[in-house]
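Spelled out, the chains give:
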Amino acid sequence: MANTQDIRRRIKSIRNTAQITKAMQMVAASKMRKAQQHALAGRPYAALMNKVLVSLQKRTDPRLHPLLHIRDVKKELVLIISTDKGLAGALNTNLFREAAHFDSAKTAFVVTGKKARQFVARTKRELLADFELKDAPTFVETKPVAKFCTEKFLNREVDKVSVLYTHFINTINQRAVVQTLLPISSFDLPKKHEESAEGEDVDPMLNYVFEPKAEVVLDVMLPYYIQYQVFQMILDARASEHSARMVAMKNATDNAHEFIKDLTLEYNKMRQTGITTELLEIATAQMAIGA
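All of the points below concern the structure found in this document. This is a predicted model, so every value here is computed, not measured. (Residues numbered from 1 in each chain as written. Predicted model: local features only at pLDDT ≥ 70, side-chain atom pairs only at ≥ 80, totals over all residues. Heavy atoms only, no water.)

### What to know about the overall build of the chain
Thought 1: Summing up its helical and strand segments, the chain has 6 helices and 5 strands in all.
Thought 2: Counting from the amino terminus, the chain carries its helices and strands in the arrangement α-α-β-α-β-α-β-α-β-β-α.
Thought 3: Computed over C-alpha atoms, the radius of gyration of the chain comes to 29 Å, more than 25% over the 19 Å expected from 2.2 N^0.38 for 291 residues, which places it beyond the range of a compact globule.
Thought 4: Its C-alpha atoms give the chain principal-axis dimensions of roughly 115 × 45 × 35 Å.
Thought 5: Looking at the chain as a whole, 42% of its 291 residues are labelled buried.
Thought 6: Considering only contacts in the chain between residues 6 or more positions apart, those separated by 24 or more positions represent 76%. (Helix = DSSP H or I, 4+ residues; strand = E, 2+ residues; numbered from the N terminus. Rg over C-alpha atoms; globule rule 2.2 N^0.38 Å. Buried < 20%, exposed > 50% of the residue type's maximum accessible area, 1.4 Å probe, protein only. Contact = heavy atoms within 4.5 Å.)

This is the structure:
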């Protein structure tokens, strides 16, 4: 059974740990606010670009552009967007659980984040590229990732490109999502939310004229669309990472404080027991002397 000195030592150690997790919680909270703002700010722009692409597809022949060609999937490329650091709760665990569902014999991987690289190496899967990104990457810095995936598809080295990332919902909820990046198809491009089932074929940009012509605009828009999609997914993953880490560090700090309370209570009980025992011994000795 632990003595009072051991309990004091444990309380001190846990209090120091709580101070560290509290500091990490504050840092994660600061980064989380910025990452959430960046992730949410880009969604209206992405939604408008989707509307433009839906309109362009309705005015052109989708078979004319190679990025729209749907082929039999003999080889698939999966881009995994993970974190560089741990201490983010179950975020990476949920991500890699989804990654394990892919057939390793027919799947090659491209990763961003040290955790994803370690997962691919540990499970002995095929790794084509590993991109290192800053904590808050810019659009230009993420373009090589999208360009690499696009070239693999256009060169017919792979027949499908998917992205596995953590979609940011709110501070508490983040969900591992697999999204098809290539080939682009109409069901990958959301239509207007207000459209009814009868009006699904209506052009969302009906009153707009594309210059010089829709085919040329589509040729320019599709590569940019791929690049922006990857950028937005990386922003979502960063917002999810900092949110999950902030929540994990808060839970760790709260648990440490609860543990300190329990140990303090146990320490006080042991002291009380020791004092009571000493008083009884003194009283017994005095009674023996008086007798």
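### Remarks on helix α3 (residues 91-99)
Thought 1: Among all positions in α3, only L91, N92, L95, F96 and A99 are buried. Projected down its long axis, α3 shows its buried positions confined to an angular sector of 115°, all on one face. (Arc of directions from axis to C-beta.)

### Brief notes about the packing of aromatic side chains
Thought 1: Enumeration over the complete set of coordinates arrives at 8 aromatic pairs.
Thought 2: Aromatic side chains F96 and F119 sit 4.7 Å apart centroid to centroid with 5° between the ring planes, which places their arrangement in the stacked category. On the criterion of sequence distance, the pair formed by F96 in helix α3 and F119 in helix α4 (residues 114-122) is long-range, its members being 23 residues apart. For the pair F96 and F119, a shared accessibility class is recorded, and that class is buried.
Thought 3: Taking 6.4 Å as the distance between ring centres and 25° as the angle between the ring planes, the aromatic pair formed by Y224 and Y228 counts as stacked. One end of the pair, Y224, and the other, Y228, are both in helix α6 (residues 214-290), 4 residues apart, so they sit about a helical turn from each other.
Thought 4: Y224 gets classed as partly exposed once you look at its relative accessible area, which sits at 28%.
Thought 5: The structure contains a cluster of three or more aromatic residues connected by ring pairs, namely Y45, F139, Y224, Y228 and F231. (Phe/Tyr/Trp six-rings, centres within 6.5 Å; stacked < 30°, edge-to-face > 60°.)

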